[in-house]
Amino acid sequence: MTYNIAIDGPAGAGKSTIARRVAKELSFVYVDTGAMYRAIGLFLIRNNTDIRDMEQVKKALSKVSISIAYKDGEQQVMLNGENVSGLIRTEAVGNMASAAAAIPSVREKLLDLQRKLAQTNNVVMDGRDIGTNILPDAQLKIYLTASADTRAQRRYDELCKKGIACDFLEIKEDIIKRDDQDMHRAIAPLSQAEDAVYLDSSEMTIDEVTKKIKSFYKEQA
Ligand code: DC
């Protein structure tokens, strides 16, 4: 049997940084499910799909195939065979991913891929509905959050570091809007699983959060 760690939480809580670290230190496979939604978001943008029109969405989805590969231990997301990992980190793609993630057929498309990865590997999988929906039997579940200000500041710093021009207030507004969209959709909304450990990382370093999650793992394993 595989060991699965589910990490859910709102945008910018540090899930991917932490999940990647924990996976590396435990020699688990890191699965970034947000990247899969982002790849679909990118396709919909490129295809000029009006996502309010379900016929258009259905047609677009029939042309999408998402898979993942690993290069130097890093997850790469493939959209119809093209490695789009470098193209999906923009706010525009994130916002489209969030909007598309509320559509049942989009979620349906990714469900098997995510579950199969967890059935065949020890994984640290991060997203919004991993503990509640994708891996309800995960041995360890974490709900990782931080204040909206902290999360906006982290996103801002990350974008600045990459040399991408951005505005703090705009980022904060985007984050709040995305939280609202992800938490209040009808299907698989972001919420803390009953058996998840709540971790607020606002006042914690990456090292501290990583250590804490590893200590939960060690207590259980
Ligand atoms: O974690 P992220 O910012 O890369 O995710 C982008 C969007 O994808 C997020 O706003 C909501 C959606 N998402 C989801 O609905 N379920 C997941 N398991 C992961 C992401």
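Below is a summary of the structure that appears in this document. Values in this document were obtained by computation on a predicted structure and should not be read as measured data.

### Focus: the overall build of the protein chain
Scanning the protein chain from terminus to terminus reveals nine helices and eight strands. Its C-alpha atoms give the protein chain a radius of gyration of 17 Å, near enough to 17 Å, the size a compact globule of 221 residues would have. With the C-alpha coordinates aligned to their principal axes, the bounding extent of the protein chain is approximately 50 × 40 × 35 Å. Per element, the accessible surface of the protein chain, about 11,100 Å² overall, is 50% carbon and sulfur. Separation between the mean location of the 31 positive side-chain charges and that of the 32 negative ones in the protein chain comes to 4 Å.

### Quick look at the layout of surface pockets
Empty space within the largest pocket amounts to approximately 1,300 Å³. Broken down by element, the residue count for the lining of the largest pocket peaks at six residues, all from helix 7 (residues 148–161). The residue inventory of the lining of the largest pocket, partitioned by class, reads 15 nonpolar, 15 polar and 20 charged. Lining the second largest pocket we find 13 residues, and of these R20, K24, D72, G73 and E74 sit closest to its centre. When contributions to the lining of the second largest pocket are tallied by element, the ones reaching two or more residues are helix 1 (15–26), strand 2 (29–32) and strand 4 (74–79). Residue contributions to the lining of the second largest pocket peak at four residues, all from helix 1.

### Notes on the packing of aromatic side chains
Note on aromatic pairs: each is described by the distance of the centres and the angle between the planes. Taken as a whole and judged by the stated rule, the model has five aromatic pairs. Ring centres of F28 and Y217 lie 5.7 Å apart, and the angle between their planes is 85 degrees; on these two criteria the pair is classed as edge-to-face. Placement of the pair is F28 in the loop between helix 1 and strand 2 and Y217 in helix 9 (residues 206–220), with a sequence separation of 189 residues. Among the aromatic residues, ring-to-ring pairing joins Y3, F28 and Y217 into one connected group.

### Overview of the sheet that holds strand 3 (residues 66–71)
An order of 3-4-5 is seen for the three strands of this open sheet, with the pairing classed as antiparallel. The sheet is open, and its two edges are formed by strand 3 and strand 5 (82–83), each paired on a single side. Bridge analysis of strand 3 against strand 4 gives six bridges, and the strand direction is antiparallel. For A69, the partnering residue across the bridge sits in strand 4 and is Q76.

### Observations regarding the site of the ligand
Of all residues adjacent to the ligand, which total 16 residues, the nearest are R38, R107, R178, D182 and R185. Contact between the ligand and R185: an oxygen atom at 2.8 Å from a side-chain N or O atom of the residue. For the ligand, whose unbound accessible area comes to 450 Å², protein coverage reaches 96%. When each cavity is represented as a set of grid points, the ligand is found to reside in the largest pocket. Top element by residues in the shell around the ligand is helix 2 (residues 33–46). It accounts for four residues.

How each quantity is defined
Residues numbered from 1 in each chain as written. Predicted model: local features only at pLDDT ≥ 70, side-chain atom pairs only at ≥ 80, totals over all residues. Heavy atoms only, no water. Helix = DSSP H or I, 4+ residues; strand = E, 2+ residues; numbered from the N terminus. Rg over C-alpha atoms; globule rule 2.2 N^0.38 Å. Areas by Shrake-Rupley, 256 points an atom, 1.4 Å probe, with all protein chains shown as cover. Lys, Arg positive; Asp, Glu negative; His and termini not counted. Charge placed at Lys NZ, Arg CZ, Asp CG, Glu CD. 1 Å grid on protein atoms, 1.4 Å probe; cavity = no way out; pocket = protein on both sides within 12 Å on 5 of 7 lines; lining within 4 Å. Points joined across faces, edges and corners; volume = space filled by probe spheres on them. Nonpolar A, V, L, I, M, F, W, Y, C, P; charged D, E, K, R; others polar. Phe/Tyr/Trp six-rings, centres within 6.5 Å; stacked < 30°, edge-to-face > 60°. Pairing = 2+ DSSP bridges. Near = heavy atom within 4 Å. Polar contact = N/O pair within 3.5 Å; in protein donor to acceptor, adjacent residues only side chain to side chain. Sits in = over half its atoms within 2 Å of the grid points.

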